[in-house]
Amino acid sequence: MQISSHTVFKSWSQLKRAFGSIQPMKLGYTYYPCLIPGVKTNLIALHGFLFTNSSLERVLNVEPIRKLVNIYALDIRNHGDSEWTDSMHIDENLTDIHNFIKEKNLGKDNVLFGHSYGGGIAMKFLCDYSEYCKGGIILDVGVFDYSKDPEHQIGMKNKIFIDFLKDLNLDQPKEKIREIIATQIKSPEFLGHLMSQLVELPDGKKKWKMNIEVLYKRMLDQVTVLFQPEDIKAPYPGPVRILGTNSMYVRPSMMANYYKIFSQFDEKRDFVKLNTRHFANFDNPEIVSEEIRLFLERTLRL
């Protein structure tokens, strides 16, 4: 297989054949220690595509959760303060997280929380590295090929938006850039978060704190279908909570695949539809926080 900086790997086996082993990336993160001394359980949180770990601050940095767990909010590779690389397959994300857990000596007392793209990563981590996890909370993402869904068209919408960012002229005042991007984004919170990732360099030039070129290629490749049930090592045997929203990212027709990857999953018990949009972390963080608290207290009995 001939490899270049533009090579797109569609499976973990292709990656291993090409390189033998995968070099994990150093991940940026924010740490919120538990407010109760001596607590060992960790909540490892993963943000969505184009976001950073700060997009989850209003969900995570609240007293009811911080009294139960230590929180590690990570930046996934090519986002925020994490290292950049030309490759971004979901199994590489898993390797990064596994390496982070080992480097920080977090042990096996971990709960995974992921939103959107980060939720997809969290689901597969639960299945492939189940020995490191005691539970998982997934916010608004399914095990589903959205590119084949005429009702959703998520792939096309996201590709168009990233293409828009990729071609945006950054050699103009930041307020002008904000005005241009505001024509594409309805959520003022999302807009504010995105603009916080546009940094000015010492020479006056601006750059994104995310690897736009690679994220664009990733969108063309697999962001609409992160993985399928047959891609996992084994169904995750522990407890999970699936949080849907009004966005249609998660629908009743998708429940069958949750049953395939989570052996304890029960739709009536483990699925909750929240009355909010996909960007619940910005629009209604308090209801997401409450669901996390309930899962930690009632299901895991922390």
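Just so you know, these numbers come straight off a predicted model, no measurement behind them.

Enquirer: Would you take a moment to explain the packing of aromatic side chains for this structure?
Expert: The final tally for this structure, using the stated rule, is 17 aromatic pairs. For the ring pair phenylalanine 190 and phenylalanine 279, a centre distance of 4.8 Å and an interplane angle of 45° mean the geometry is tilted. Taken together, the residues span a long stretch of sequence, with phenylalanine 190 in helix α8 (residues 188-196) and phenylalanine 279 in the loop between β9 (271-273) and α12 (280-283) at a distance of 89 residues. Look at phenylalanine 190 and you get buried, because its relative accessible area is 8%.

Enquirer: Would you explain the nonpolar core in this entry?
Expert: One broad rule of soluble globular proteins: the nonpolar side chains tend to lie buried together. Among the nonpolar cores identified, the biggest contains 62 residues, and Ile181, Trp208 and Phe262 are the most heavily contacted of them. With seven residues, helix α5 (residues 117-128) is the single largest residue contributor to this core. Residues in contact with tryptophan 208, not counting those within four places in the same chain, are Trp84, Leu165, Leu168, Leu170, Ile181, Leu194, Gln197 and Leu198.

Enquirer: Hey, could you run me through the packing of helix α7 (residues 174-182) against α8 in this one?
Expert: Two quantities define a packed helix pair, namely the angle between the helix axes and the distance between the axes. Closest axis-to-axis distance for the α7/α8 pair is 11 Å, and the angle between their directions is 140°. Between α7 and α8, the interaxial angle falls into the category oblique. With respect to the hand of their crossing, α7 and α8 are arranged in right-handed fashion. On α8, the residues that touch Lys174, Ile177, Arg178, Ile181 and Ala182 of α7 are Leu191, Gly192, Leu194 and Met195. Looking at side-chain class alone, the contact of α7 with α8 contains six nonpolar, one polar and two charged residues.

Enquirer: Help me understand the pairing of strand β2 (residues 42-46), please; the structure alone is not making it clear to me.
Expert: Regular strands place their side chains on alternate faces of the sheet. With respect to burial, β2 is a largely interior element, five of its five residues being buried. A two-sided burial pattern is seen for β2, the buried positions comprising Asn42, Ile44 and Leu46 on one face and Leu43 and Ala45 on the other. Summarising the sheet, β2 and strand β4 (residues 110-115) pair through five bridges and their orientation is parallel. Looking at β4, one finds that leucine 46 is bridged to glycine 114.

Enquirer: How should I be thinking about the pattern of salt bridges in this particular structure?
Expert: On inspection of all chains with the given rule, the structure shows 15 salt bridges. The partner of lysine 134 in a salt bridge is aspartate 109, with the nearest N and O atoms 3.0 Å apart. Pair noted here: lysine 134 is in strand β5 (residues 133-139) and aspartate 109 is in the loop between α4 (90-103) and β4, with a separation of 25 residues, a long-range link. Relative accessible area serves as the criterion here: at 27%, lysine 134 is assigned to the partly exposed category. Judged by its relative accessible area of 25%, aspartate 109 is partly exposed. One salt bridge connects aspartate 163 with lysine 166, and the closest N-O pair in it is separated by 3.6 Å. Residue aspartate 163 and its partner lysine 166 are both found in helix α6 (residues 154-166); the two are separated by three residues, about one turn of the helix. You can call lysine 166 partly exposed: its relative accessible area is 24%.

Enquirer: Hey, could you run me through the pairing of strand β8 (residues 240-244) in this one?
Expert: In terms of burial, β8 is a largely internal element, five of the five residues being buried. Alternating residues of β8 divide into Val240, Ile242 and Gly244 and Arg241 and Leu243, and every residue in both groups is buried. Relative to β8, β5 runs parallel, the two sharing four bridges. Paired with glycine 136 across the two strands is valine 240, which belongs to β8. Where β8 lies against β9, three bridges are found, and the strand directions are parallel. Bridging from a neighbouring strand, isoleucine 242 pairs with phenylalanine 271 of β9.

Calculation criteria
- Residues numbered from 1 in each chain as written.
- Predicted model: local features only at pLDDT ≥ 70, side-chain atom pairs only at ≥ 80, totals over all residues.
- Heavy atoms only, no water.
- Phe/Tyr/Trp six-rings, centres within 6.5 Å; stacked < 30°, edge-to-face > 60°.
- Helix = DSSP H or I, 4+ residues; strand = E, 2+ residues; numbered from the N terminus.
- Buried < 20%, exposed > 50% of the residue type's maximum accessible area, 1.4 Å probe, protein only.
- Core = buried A, V, L, I, M, F, W, Y, C linked by side-chain atoms within 4.5 Å.
- Contact = heavy atoms within 4.5 Å.
- Axes fitted to C-alpha atoms, helices over the stretch in contact; angles between N-to-C directions.
- Parallel < 35°, antiparallel > 145°, perpendicular 65-115°, else oblique.
- Left-handed = near helix turned anticlockwise from the far one by under 90°.
- Nonpolar A, V, L, I, M, F, W, Y, C, P; charged D, E, K, R; others polar.
- Pairing = 2+ DSSP bridges.
- Salt bridge = Lys/Arg side-chain N within 4 Å of Asp/Glu carboxyl O.

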